[in-house]
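Residue strings, one per chain:
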There are 2 protein chains.
Amino acid sequence: MNKLNVVGQSVERPDAYDKVTGGKGYPMNVRLPGMLHGKMLRSPYAHARIVSIDATRAEQLPGVKAVLLPKDVPQVKFTPVYFVPVQAPSMILDFDVMNGEIVRYVGQPVAAVAATSAEIAEAALELIDVEYEELPAVFDPEEAMQPDAPQLHADAPNNIAKNPVFEFGNLDQGFADADFVFEGVYQTQRVHTCYMEPRVCIVDMDRRDNVTIHVTTQHIFGTREKLAFALGIPESKVKVVKPPYIGGGFGGKLELTAMEPVAALLSKKSGRPVRIEHTRHEDFITTTRNPIKVFLKTGVKKDGTFTARYAKSILDCGAHATHGSEVIMVHGAFGIFFNYHAPHSKWEGFTVYTNNMIGGGYRGYGAPQGSFAVESQIDEICTKLGLDPIEMRLKNARKKGEPHPFNPAFTIASYGLEDCLRQGAEKIGWAAARKAPHGEGSKKRGIGLSVHPVWVSGCMGFPDIYEHSGAIVKINRDGTADLATASMDIGSGQITTLCQIAAEELGLPAGAVRMSSQCDTDNVPFDAPTHASRVTYSSGNAIKAASAMAKKRLLEVAAILMEVSPDDLEVANGIVSVKGSPGKSVTVAQVAQRAESPFVQMTAEGPAPTTVEEKGTIVGIASLAPTSNPTPCAAQFVEVEVDTETGEVRVLHAVYAHDIGRTINPRAAEGQVEGGFQQGMGYALMEHIQFDAETGSCLTSDFLDYKMPTAMEMPRKIDSIFIETDEPTGPFGAKSLGECCVITPAPAIANAIFDAIGVRFRDLPITPEKILTGLGKL
Amino acid sequence: MNKLNVVGQSVERPDAYDKVTGGKGYPMNVRLPGMLHGKMLRSPYAHARIVSIDATRAEQLPGVKAVLLPKDVPQVKFTPVYFVPVQAPSMILDFDVMNGEIVRYVGQPVAAVAATSAEIAEAALELIDVEYEELPAVFDPEEAMQPDAPQLHADAPNNIAKNPVFEFGNLDQGFADADFVFEGVYQTQRVHTCYMEPRVCIVDMDRRDNVTIHVTTQHIFGTREKLAFALGIPESKVKVVKPPYIGGGFGGKLELTAMEPVAALLSKKSGRPVRIEHTRHEDFITTTRNPIKVFLKTGVKKDGTFTARYAKSILDCGAHATHGSEVIMVHGAFGIFFNYHAPHSKWEGFTVYTNNMIGGGYRGYGAPQGSFAVESQIDEICTKLGLDPIEMRLKNARKKGEPHPFNPAFTIASYGLEDCLRQGAEKIGWAAARKAPHGEGSKKRGIGLSVHPVWVSGCMGFPDIYEHSGAIVKINRDGTADLATASMDIGSGQITTLCQIAAEELGLPAGAVRMSSQCDTDNVPFDAPTHASRVTYSSGNAIKAASAMAKKRLLEVAAILMEVSPDDLEVANGIVSVKGSPGKSVTVAQVAQRAESPFVQMTAEGPAPTTVEEKGTIVGIASLAPTSNPTPCAAQFVEVEVDTETGEVRVLHAVYAHDIGRTINPRAAEGQVEGGFQQGMGYALMEHIQFDAETGSCLTSDFLDYKMPTAMEMPRKIDSIFIETDEPTGPFGAKSLGECCVITPAPAIANAIFDAIGVRFRDLPITPEKILTGLGKL
């Protein structure tokens, strides 16, 4: 691949300074004059009819400025998920902001208060009298599918919200062709993305329904569309300010919740801006990764070739489908069905209502639940048949040049899975470790791998999912450039990488392009959410196009200044020069100054007119959809040590190899991988939101109750390997990175544990208790 | 002229609601968390050397967070005027933020404090000990020009900062050719624009020199350039937030003052945002309209034809030239020299330093001072020679098709002065009023007129003055559009008229285009200041171009949707239809929704792919300079009543006729005229900032000391007549309006007073005291 100037460098993150000096730029820290504080009253019942609500006493509490009841909230149903239209036919339109008749989970908002302090608002909630008529509740999705179970939504018989099927070939034939058939049931748990900054919004809504909102969101245009719909006002009435930063998202800030419309309506009612900040507990019960139970059955030839694959997945979406409608699809497609070749395949999915909390988006979006089943079972097959786990996967994997399995309109134009596996194996010393003894004494070592073979670089080609991006680029007179885009940095370095793409295309040095910090839904073009591993590829392509437009203008003005043809010019590192004559040059700053100079410039020799043609700020704009949706792929290797006395599992070494197309910023890419491993390892070994089995109340109230990997638990060594396959449709060859690295750790760790102690775990998280039980010690 | 849909309608001002409900959007109301309050210590001496400054006691006052002394401020000289480059060769580079050696006027800042309250900051100023060595001062510009006068600046002998000359033909020959020669001396006074919102800024500057500033400014890019220079940092480090509104400007917020860099440096030093708000007194001593004394001599033939025109103008620029460098040029060119044809003409101007306060920009920018002289003297000539004041002016005026007198590269392509005079005369009943008796008793009626024959629609063609504009336009899915531009609305309705221009070009209904409220110097292209009557013409042309780009894209997407050629489509009132087949149509909203829809849309019939070509927000961008600088022209008629007992002058009726090219919004245009008349009438009759003759201290401390016309004094009847001459280079035929209407009232009123009582006043304001003195009663 050709060497580039800015792309490929680990340039410093421009947001680093703000972030280490106190958090300027986070919605959390926005304060508006006269701002009130809002709090929501939540149902203590998992399933109940609301008989009456009386807020008289709350309204009389000094400091209370507005009380909001269901009757004040438009009773409309829609999907709050940001990446699809508000009434997308493919989604389940069952969400409402504040239902005045029924509650379906513990924590559903039933009223809200705005007061001069959060404490007064909290106290006022106690003074709202709600009379409930309790109804029978169901918390297990398989129970919920029984005919005699309580019914949650009238239009979902047996509580089945969605029942998609993927099918290919003839399954019976496939299993008949098999030498061996493997079956297993794999269960994943409910976890939270654990972003650091809680959901918070500050909303100002005037009596003419003009709304301005500062909010922790992964998609400002999604917030605009859904909030406008929830409020019953035209979209353009809502201005969503793009937060310069949010304290993490990971898919957990990808939908509207009650918070935003409730704050807006409290603001309109009180005539003052209203701030609502979730407690950590409120965040825990707002969105989580849906638990999925996977029944997986695979037919294989002796040599490891798949003959048939069947799976059934039961997803607990809780009280409302929201993301559950789409998570099940991604789970089925990219967690199971399209991962590997098989002549005969079938998958059926069930998104099932229960009286649990709502599930939602989380990095990987259904794939971790599927991959845990698929990659565990492949390991079981290899063990049983004595096959090499690397060769087994390569035998059944996709190949470069094939049509994309999910969308045959696209071709797999780049695909580096074999390199990922070979280089990863080399790095961790796979061959030697597989043969090595598992250690002496109570601590047993093991090594394991998993791959993630098919993924996305955005949503191009998916039904009903937005996928276009926009950007505005402006060159300043000091030779820097400003980049404005709705594309959100959710903490993973998008600002850095997108500015690098712009700098490379504009021919500016690293650091000379800055992200505009004051964008909103009024002043920048639409961009789809920061999700689905899409930003570098999709937003990157739009930013490259906007930069190309600005560069064209830059060279036109430089050509007037230098009295040459624009075609003879090139620009790099802030210098415009004549091709082949690097000595004949001007700086980008000089060109920008000339373009913005007065029409007649006074000089020592008198007035010197310039031309109208060269006048004008050098700008570029683009708004476009990508032309493909290339798949990255990845291999994860881990070495673990299992303490057979305590059940504790330590990950000693992790190696992750990823076909990234082209690395924009190696250090930022490593950060993605390491953060992904942290979340994947937490999923594998420790994270789990707990509920009371009787009442459905969430028992996890803050991070003290929720164990996730810290520096203490993280492996001392994580190696990231980036395979550069130069994706032809990507910006400078790049494709996606963000999610595969969170999908692969759990099965790799489970496989390594099996390698260490010979016990197979099919139920996450693999806690010390389960290890000891598996070892027969409990 | 062709009828348009939105242009020409008195659509409602979109800012009206915010403005009548409490002022959201004004810099005055910005509050940032942790914000400190700054105050400046000002010199009590008009001319002194600073011997020492000791701030020890101030620093120790509890609540004081930072003290700024001259040693903390870069000692650089530049022009603070926004519309020219910071080191423009045509300007005088004598301004500094905080001079550590010398003070040259009472009120010059010498130190500053930031504290937790404005009261503590004020108290701390008292604790700063400054030792001065007083120097002799001079307050009269003609005295200042004497060789023995105190010298203010080393490089300005005789305190003459600038001495421009315009000359044409042979003056001696011209006077020799005359039948009559008239001479007079005309003196104007120092007045303030009296915007309602004082100058205020809120600045956040971090330790890496990133600056964000909210400020009352007429030019965000000017603030950026000058503030960056004053601070010694690259321009792109400074983000100037475009205030949605400012409470008036009128030319009075067209330069950097000490406030902005002082607040920035206090912020950097304290680590907190700093707010500085001027008291009304501080505003009064920061900028004012420069007083000018004009010696005017005119040679005429018996029939009123000019044979020679000579003038000398002495402008008191105070301690620093700032605007005085350019005001003298505009004054000479558009107040005197180019107003009328004359075969032999000469004008010489003197911008003179004194120990008075700095002068500055004010609507009309030097022309009111010149026009008062010229239009008064024409009246004197008509009286003496028995000529008709209308015919006399038309005889010597410019004509359509002539080269533009100031810049012969441009042609006068539209010119409606004769219509202005004829229609204005008709409206006020000129012929009858001239013959009518002047009233009985002590109250005498009179009628007068003035014209302003040559003006600008911006600065295209002026040396060193920025003149290009930019805009970004985006069409929303609900059929509305957002307009983002750096062009400021300074209270005169620019938001309304610019949105109308965009709506007309886009084919949207009035009100469907909204001005983006969150622009800044990072996210929109450069625009020259809101000054020089330029916004409708120059910014309007850029907005029309950006809208045209968006419209082109709109029709392309509509063409895909409707399966026709884009060339066959037209758009109006939010409907795209096939030319000639109005029934075959889609709405703009439908087209925008299609453009922003997912690539594959689920429908009742299954997935329906759309094309990549139609994907993307419909956007337009433009940044360009206009191609001409057309002159508007205007005639002002007034009827006055002079109370010969009290000296009071009442204006009974004002008629103003203006060649506007095309009226964008009649009601907004009337507002401009009526506001202009208010300021012009105040200039004529009452406004005057007063100074102590001994010390140079300003005695006018607030509006109680400064009489301007209120509803009590305003005429009960003001008629505005707009002559539409369809300027070919203007947006929909428009040219400028904002300033002629403030230039014409003073001479028209002086002429009407002469008509009423036969006394000629050549010294503004014409107070009751002067009337009575003129009548020999005092």
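What you are looking at is a predicted structure, and each value in this text was computed from that prediction instead of being measured.

## Things to note about the sheet that holds strand β26 (residues 618-624) of chain B
Residue and element names in this part refer to chain B. Here 4 strands make up an open sheet; going across it, the order is β20-β19-β18-β26 and the pairing mixed. Edge positions in the sheet fall to β20 (513-515) and β26, since each has one partner strand and no second. Ignoring strand direction, the axes of neighbouring strands in this sheet form an average angle of 20°. Here strand β18 (residues 469-475) pairs with β26 via 7 bridges, running antiparallel. The residue bridging isoleucine 472 from the neighbouring strand is isoleucine 621, located in β26.

## Details of the relation of the copies chain A and chain B
Once chain A is rotated about the relating axis by 180° and shifted along it by 0.0 Å, it coincides with chain B to within an RMSD of 0.0 Å. One copy is carried onto the other by what is essentially a two-fold rotation axis. The fraction of interface residues of chain A whose copies in chain B are also interface residues reaches 100%, indicating that both copies meet through the same surface.

## Quick word on the packing of helix α10 (residues 367-385) of chain A against helix α11 (residues 389-396) of chain A
Residues and elements named next belong to chain A. Here α10 crosses α11 at 115°, and the two axes come no closer than 10 Å. At the point where α10 passes α11, the crossing takes the right-handed sense. Only Pro389, Met392 and Arg393 of α11 make contact with α10, whose side of the interface consists of Glu375, Ile378, Asp379, Ile381 and Cys382. Split into classes, the residues belonging to the contact of α10 with α11 amount to 5 nonpolar, no polar and 3 charged.

## Overview of the sheet that holds strand β29 (residues 717-723) of chain B
Residues and elements named next belong to chain B. Ordered by their spatial adjacency, 4 strands build an open sheet running β17-β27-β28-β29, and the pairing between neighbours is mixed. Edge positions in the open sheet fall to β17 (443-452) and β29, since each of these has one partner strand only. Taking each pair of neighbouring strands and ignoring which way they run, the sheet shows an average axis angle of 10°. Two elements, strand β28 (residues 649-659) and β29, share 7 bridges in a ladder whose sense is parallel. Directly across from aspartate 659, in β29, lies its bridge partner isoleucine 723. On the sheet, helix α17 (residues 666-685) packs against β27 (633-643), β28 and β29 and is oriented at approximately 125° with respect to β29.

## A closer look at the packing of aromatic side chains
Tallying each qualifying case throughout the model produces 42 aromatic pairs over all chains. Ring geometry for A:Phe83 versus A:Tyr365: centroids 5.9 Å apart, planes at 70°, classification edge-to-face. With A:Phe83 in the loop between β3 (64-68) and β4 (102-103) and A:Tyr365 in the loop between β16 (344-353) and α10, this pair connects stretches of sequence that are 282 residues apart. Residues A:Phe83 and A:Tyr365 agree in their burial class; the two are buried. For the pair B:Phe166 and B:Trp347, a centre-to-centre distance of 5.0 Å together with 40° between the ring planes defines the contact as tilted.

## Focus on the interface of chain A and chain B
Between chain A and chain B, the contact holds 73 residues from the first and 73 residues from the second. For chain A, the biggest contributors to the area lost against chain B are A:Tyr17, A:Arg477 and A:Gln518; these three give 12% of the whole. Here chain A and chain B share 10 salt bridges between them. Between B:Arg477 and A:Glu225 there is a salt bridge, with the nearest N and O atoms lying 3.5 Å from each other.

## Digging into the pattern of salt bridges
Going through the model one piece at a time under the given rule, you end up with 85 salt bridges over all chains. The salt bridge partner of A:Arg190 is A:Asp316, with a shortest N-O separation of 3.2 Å. Taken together, the residues A:Arg190 in the loop between β9 (180-187) and β10 (200-205) and A:Asp316 in strand β15 (residues 306-318) connect sequence positions 126 residues apart. Each member of the pair, A:Arg190 as well as A:Asp316, carries the same accessibility label: buried. Ionic pairing is found between B:Glu467 and B:Arg534, a salt bridge with its closest N-O pair at 2.6 Å. Here B:Glu467 is found in the loop between β17 and β18, whereas its partner B:Arg534 is found in the loop between β20 and α15 (535-562), with 67 residues between them in sequence. For the pair shown, B:Glu467 and B:Arg534 are each scored as buried.

## What to know about the domain arrangement of chain A
Many descriptions give the size of an interface as the accessible area lost when the pieces come together. Residues and elements named next belong to chain A. Assigned domains of chain A: these are domain 1 (413-456 + 629-778) and domain 2 (468-624). For domain 1 and domain 2, the distance between their C-alpha centres works out to 41 Å. If you look at the interface, domain 1 gives 17 residues, while domain 2 gives 14 residues. Summing both partners gives a buried area of about 1,300 Å² for domain 1 against domain 2, and 65% of it is carried by carbon and sulfur.

Cut-offs and rules
- Residues numbered from 1 in each chain as written.
- Chains lettered and ligands numbered in written order.
- Predicted model: local features only at pLDDT ≥ 70, side-chain atom pairs only at ≥ 80, totals over all residues.
- Heavy atoms only, no water.
- Pairing = 2+ DSSP bridges.
- Helix = DSSP H or I, 4+ residues; strand = E, 2+ residues; numbered from the N terminus.
- Axes fitted to C-alpha atoms, helices over the stretch in contact; angles between N-to-C directions.
- Least-squares fit on C-alpha atoms with pLDDT ≥ 70 in both.
- Contact = heavy atoms within 4.5 Å.
- Left-handed = near helix turned anticlockwise from the far one by under 90°.
- Nonpolar A, V, L, I, M, F, W, Y, C, P; charged D, E, K, R; others polar.
- Phe/Tyr/Trp six-rings, centres within 6.5 Å; stacked < 30°, edge-to-face > 60°.
- Buried < 20%, exposed > 50% of the residue type's maximum accessible area, 1.4 Å probe, protein only.
- Buried area = accessible area lost by both parts, 1.4 Å probe.
- Salt bridge = Lys/Arg side-chain N within 4 Å of Asp/Glu carboxyl O.
- Domains from an automatic or database assignment.

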